[in-house]
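# Overview (structure and organization)
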Amino acid sequence: MHLATGDARQFLKTLNDKQKAYVDFGLKNPRNGEYMLTAFRLVPGRGLNFLQAAAEIAAESSTGTNFKVQTETAFSREMNALVYQADSKRNLVWIAYPWRLFDRRGNVQNILTYLVGNVLGMKEVDGLKLLDVWFPPAMLEQYDGPSYTLDDMRKYLKVYNRPILGTIVKPKMGLTSAEYAEVCYDFWVGGGDFVKNDEPQADQDFCPYYKMVKHVKQAMDKAIKKTGKKKVHSFNVSAADCDTMITRCEMIRNAGFEPGSYAFLIDGIMAGWTAVQTLRRRYPDVFIHFHRAGHGAFTRPENPFGFSVLVLSKFARLAGASGIHTGTAGVGKMKGTPEEDVVAAHNILHFKDKGHLFEQEWNLIPENDKNAIELVHLDLAHHVILEDDSWRGMKKCCPIVSGGLNPLLLKPFIDMMGNTDFITTMGAGCHAHPEGTKAGATALVQACDAQQKRIPLEKYAKTHKELATAIKFFGKKKRRPE
Ligand code: CAP
Ligand code: MG
C-alpha cells in the first residue's frame, strides 16, 4: 500500500468520478513491469486541491480529457495513468503509466508528448516539473540505447583514464570555412583531441557546409601528420528536414574521414527526438552528439514547469545518443548544480545509479548473476550483454561537459564529478587564451596532466608556460556576467 503522506489521502473524497479513475493508492506493485514510473513536482492551480490536480494531470497525460467521456471502454480504462503515491507537503506526486500506451519499438518523442505535452499548459496546475522517471526492464528492451560509445571513441583516440579534451570553434559564427579549419588545426596541434561545430553551425553562405567539411578534413590530415595522434571532429548535422540532415551525414562520410574520426552533432531539443533517433538508427557506427540548446526552458531550477536535467539525459540515453551535454554543475557559465548535473551524468554513464527519486538499472542482468553485474560495473560486459541477447543491455551515454569552462576549472569539475569519464569542450576557455588557440589547447592539456599527476596547478605552471599564462588570464577575478 503506498502511503499518501501529508494530507493527500484526505482529498480522496473530493475527487469526481473521472478523477477517481486516475488515482490508485492501492496499486499493488508499481514495479511489476507494466508501468513506467514518474515523479513530478506539482503545484495545484485554479482552486483545485493537490490530489484533484494530480488526477487531472494523470488523465490528460494518458487517456483522459476534462470530462469523463461516454466513449471510454473497460480496456481504455486499463490504459489510464495512475497516481499511486502523493506527498502534498513536498508537492510530490508519483504517477504510473502503462507503457503499452507508448508507440511500439521505442519512440521517445511519443512518451514526452504524453508526459510533458499538454499538461504543461493546463490551467489546473501552477507548476508541473517531471523530476525523475523509471523504466521497467521489458520497456527498456524496446529502446535502441547508445551504439557507438565513449569507450569506442577512447579506443579510436587511444585516450584512457582522462577526459576527452575538446573545444568548440569560436567566434560562434562568422568564420569562413578556411578560417574555421585553421582554428581546428591549431587546437589539434596544441594537443586537443576533439573539436565540435557550435550549435548554430549549418550551411551559412559565408561558410558553405561542403567547404567546411572539406577544409576540416585537410586540417585534420595535417594535424594527424604533425602530431601522430588521431583526432575527432563533431559535425552539426541539424537541418530543416531529415533529408537534408542525412545529406550532410553522407557528405561527411564521403569526404574521406576514417570511421571514428567524426561524430554527428544534433541540436536535440530544437531538431527534435525524431532527428536524434533517425541518426541513431541510420548510423550505429557513429558517435551521436546530443547538444541540448534550449533545454533551459524546461530544466532551469527557477522554472516551475518542464523537466529535470536528469530526465532529459535519461531519455537521451534511451534514444541512443552516444553523449549529451549535462552541464558543469555551476562551475562554468550556465546555471546548474551537482544535484542536477552530476546526478544526471552518473545516471547515463553507469549500469545502475540513483536519480532524484528512482534507482535505475539499465541492463537486464539476473539479480543473482553477480559476476555479470561485476563485469558491467567494469564496463567490460557491454559486448557480452549485447551479443548474448538474453541480457539486452543499455550501453553508457557519455556526459559532455561544457559552458564557460577553462583549464583552471577542469580539476574542480573532476573533483565534483568523481571520475574522468566524460568529454569536455571549452570554447572561450581555449580561444581567449592570450597566446591564441594552440596555446589554449596546450594549457588545457597541461591542466589535465597536472590533475592526473596530482600536482597543484600553480606548481605545474612553473614549468609549463601556456598554463601559467592561462592562470594569469582566466584567474583574474573578473566581474562574471550575472
Ligand atoms: C560553450 C558553448 C556550448 C555550451 C552549451 C556555447 O562555449 O559552445 O554550446 O556549453 O551549454 O555556445 O556556450 P564556451 P551546455 O565554452 O565558450 O562557453 O553544455 O550547458 O548545454
Ligand atoms: Mg555552443
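Structural data are supplied above this passage.
Description of the structure in this document. (Residues numbered from 1 in each chain as written. Chains lettered and ligands numbered in written order. Predicted model: local features only at pLDDT ≥ 70, side-chain atom pairs only at ≥ 80, totals over all residues. Heavy atoms only, no water.)

Let us now look at the overall build of the chain. Counting its secondary structure elements, the chain contains 21 helices and 15 strands. Taking the principal axes of the C-alpha coordinates as reference, the chain spans close to 75 × 50 × 45 Å. Partitioning the intrachain contacts of the chain with sequence separation of at least 6 by distance along the chain shows that 73% fall at a separation of at least 24. Accessible surface computed for the chain: about 20,400 Å², of which carbon and sulfur atoms make up 54%. Side chains of the chain give 63 positive and 53 negative charges; the mean places of these two sets differ by 5 Å. (Helix = DSSP H or I, 4+ residues; strand = E, 2+ residues; numbered from the N terminus. Contact = heavy atoms within 4.5 Å. Areas by Shrake-Rupley, 256 points an atom, 1.4 Å probe, with all protein chains shown as cover. Lys, Arg positive; Asp, Glu negative; His and termini not counted. Charge placed at Lys NZ, Arg CZ, Asp CG, Glu CD.)

So, about the site of ligand 1. Around ligand 1, the structure places 16 residues, and the nearest of them are K172, K333, S402, G404 and G427. Note that an oxygen atom of ligand 1 is positioned 2.6 Å from one of the side-chain N or O atoms of K172. Note that an oxygen atom of ligand 1 is positioned 2.7 Å from one of the backbone N or O atoms of G404. When isolated, ligand 1 has an accessible area of 470 Å², and the protein chains bury 95% of it. In terms of residue class, the shell around ligand 1 is built from four nonpolar, six polar and six charged. (Near = heavy atom within 4 Å. Polar contact = N/O pair within 3.5 Å; in protein donor to acceptor, adjacent residues only side chain to side chain. Nonpolar A, V, L, I, M, F, W, Y, C, P; charged D, E, K, R; others polar.)

What follows deals with the coordination of the magnesium ion (ligand 2). By definition of the ideal shapes, four donors in a tetrahedron about a metal sit 109.5 degrees apart, and six donors in an octahedron sit 90 or 180 degrees apart. Taken together, D198 (OD) and E199 (OE) make up the full set of protein donors to the magnesium ion (ligand 2), lying 1.9 Å away. Residue D198 shares its accessibility class with E199, and that shared class is buried. (Donors = N, O, S within 2.8 Å, 3.2 Å for Na, K, Ca; no water. Buried < 20%, exposed > 50% of the residue type's maximum accessible area, 1.4 Å probe, protein only.)

This next bit is on the sheet that holds strand β9 (residues 287-291). A barrel is described by the order of its strands in space; here eight strands give the closed sequence β5-β6-β7-β8-β9-β11-β14-β15, paired in parallel fashion. Between one strand axis and the next, the sheet turns by 25° as a mean value, whatever way the strands run. Strand direction decides the pairing type here: strand β5 (residues 164-168) and strand β6 (residues 194-196), joined by three bridges, are parallel. Residue pairing in the sheet places G166 in a bridge with F194 of β6. Each of β7 (232-236) and β8 (262-267) touches helix α9 (residues 242-253); the most contacted strand, β8, lies at about 165° to it. (Pairing = 2+ DSSP bridges. Axes fitted to C-alpha atoms, helices over the stretch in contact; angles between N-to-C directions.)

A few words on the sheet that holds strand β3 (residues 92-98). Across the sheet, which stays open at both edges, the five strands sit in the order β2-β3-β1-β4-β10 with mixed pairing between neighbours. Either end of the sheet is taken by a strand with one partner, and the two such strands are β2 (82-87) and β10 (305-307). Strand after strand, the sheet turns through a mean of 20° between neighbouring axes, direction not considered. Pairing of strand β4 (residues 125-134) with β10, which is carried by three bridges, proceeds in the parallel orientation. Counted as the bridge partner of L128 is F305 from β10.

On to the pattern of salt bridges. This model, assessed by the stated rule, comprises 25 salt bridges. For R77, the salt bridge goes to E72, with nearest N and O atoms at 2.8 Å. A relative accessible area of 40% places R77 in the partly exposed class. Judged by its relative accessible area of 24%, E72 is partly exposed. We note a salt bridge from K230 to E258, for which the minimum N-O separation is 3.0 Å. With K230 in the loop between α8 (209-227) and β7 and E258 in the loop between α9 and β8, the pair connects residues that are 28 residues apart, well separated along the chain. Residues joined by salt bridges that share partners form a network here, namely D151, R154, K396 and D421. (Salt bridge = Lys/Arg side-chain N within 4 Å of Asp/Glu carboxyl O.)

With that settled, consider the side chain of Q19. Among the secondary structure elements, Q19 is positioned in helix α1 (residues 17-20). Here Q19 falls in the buried class, since its relative accessible area comes to 4%. With residues up to four places along the chain from it excluded, the contact list for Q19 reads T14, Q52, A55 and E56.

Judged by how many residues are buried, β5 sits mostly within the fold: five of five residues are covered. Burial along β5 is two-sided: the residues I164, G166 and I168 and L165 and T167 are all buried. Once the chain exits β5 it traverses helix α7 (residues 177-189) before rejoining the sheet at β6, and the crossover so formed is right-handed. (Right-handed = clockwise from strand over helix to strand, strands pointing away.)

Time to look at the nonpolar core. The biggest cluster of nonpolar side chains holds 113 residues, and the ones touching the most others in it are M36, F264 and F315. One finds Y148, M153, L157 and A263 within the second-largest nonpolar core, a separate group that totals 14 residues. (Core = buried A, V, L, I, M, F, W, Y, C linked by side-chain atoms within 4.5 Å.)

It is worth spelling out the pairing of β3 at this point. Counting buried residues along β3, seven of its seven residues qualify, which places the element largely inside the surrounding structure. By the alternation rule, side chains of β3 split into L92, W94, A96 and P98 and V93, I95 and Y97, which are all buried. By the bridge criterion, seven bridges tie strand β1 (residues 35-44) to β3 in an arrangement that is antiparallel. Paired with R41 across the strands is L92, a residue of β3. Pairing between β2 and β3: five bridges, direction antiparallel.

One turn of an α-helix holds 3.6 residues; hence residues three or four places apart share an orientation. Compared with an ideal rise of 1.5 Å per residue, which puts twelve residues at 16 Å, helix α14 (residues 338-349) spans 15 Å between its outermost C-alpha atoms and is within 8% of the ideal. The complete set of buried residues in α14 reads E340, D341, V342, A344, A345, N347, I348 and L349. (Expected span 1.5 Å × (residues − 1).)

Our next topic: empty space enclosed by the protein. All chains considered together, the criterion is met by one cavity of 30 Å³ or more. Roughly 60 Å³ of volume is contained in the largest cavity. Every residue along the wall of the largest cavity is listed here: V169, P171, K172, M173, G174, L175, Y180, D198, Q201, F206 and C207. Split into classes, the residues belonging to the lining of the largest cavity amount to seven nonpolar, two polar and two charged. (1 Å grid on protein atoms, 1.4 Å probe; cavity = no way out; pocket = protein on both sides within 12 Å on 5 of 7 lines; lining within 4 Å. Points joined across faces, edges and corners; volume = space filled by probe spheres on them.)

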